[in-house]
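Here's the letter readout for the chains.
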Amino acid sequence: MAKVPAYHTDSQEYPPSHRNVYHDHNDCKYGKEIKSQHRKDGAGNRPRCDECKRLG
Ligand SMILES: [Zn+2]
């Protein structure tokens, strides 16, 4: 379990649960589904992902 710099995606490939939030955890099940080529750095003005919150 590791914290990583905030990342997000704006690819339409992903459902809102993945796309409308930012992630900052390596083990987030939603963040993990974002392919590396679709990852963007930063929070992108999004709220933090609930799963990342749960992981800490
Ligand atoms: Zn997340």
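Our subject is the structure listed above.
Residues numbered from 1 in each chain as written. Predicted model: local features only at pLDDT ≥ 70, side-chain atom pairs only at ≥ 80, totals over all residues. Heavy atoms only, no water.

Caption draft 1: A look at the sheet that holds strand β2 (residues 23-25). Taken together, 3 strands build an open sheet; the order of strands is β2-β1-β3 and the sheet is antiparallel. Lying at the two open borders of the sheet, with one neighbouring strand each, are β2 and β3 (40-41). Pairing analysis gives 2 bridges linking strand β1 (residues 3-8) to β3, with the strands arranged antiparallel. Counterpart to H8 in the pairing with β3 is K40. (Pairing = 2+ DSSP bridges. Helix = DSSP H or I, 4+ residues; strand = E, 2+ residues; numbered from the N terminus.)

Caption draft 2: The arrangement of the coordination of the zinc ion in detail. Those protein atoms acting as donors to the zinc ion are H23 (ND1), C28 (SG), C49 (SG) and C52 (SG), and they sit at 2.1 to 2.3 Å. Relative to the metal, the 4 donor atoms surrounding the zinc ion lie at angles of 101 to 119°, and the coordination shape comes out tetrahedral. (Donors = N, O, S within 2.8 Å, 3.2 Å for Na, K, Ca; no water. Tetrahedral: all angles 85-135°; square planar, octahedral: opposite > 155°, others 65-115°.)

Caption draft 3: Expanded view of the pattern of salt bridges. Tallied over the full model, the rule gives 6 salt bridges. We note a salt bridge from K40 to D10, for which the minimum N-O separation is 3.8 Å. Here K40 is found in strand β3, whereas its partner D10 is found in the loop between β1 and α1 (16-19), with 30 residues between them in sequence. Given the relative accessible area of 41%, D10 is considered partly exposed. For D50, the salt bridge identified is with K53, shortest N-O distance 3.6 Å. Placement of both D50 and K53 in helix α3 (residues 50-55) is noted, with a separation of 3 residues, approximately one turn of the helix. Residue classification places D50 among the exposed positions, given a relative accessible area of 58%. What you see here is one network of salt bridges that share partners, running through K3, D24 and R48. (Salt bridge = Lys/Arg side-chain N within 4 Å of Asp/Glu carboxyl O. Buried < 20%, exposed > 50% of the residue type's maximum accessible area, 1.4 Å probe, protein only.)

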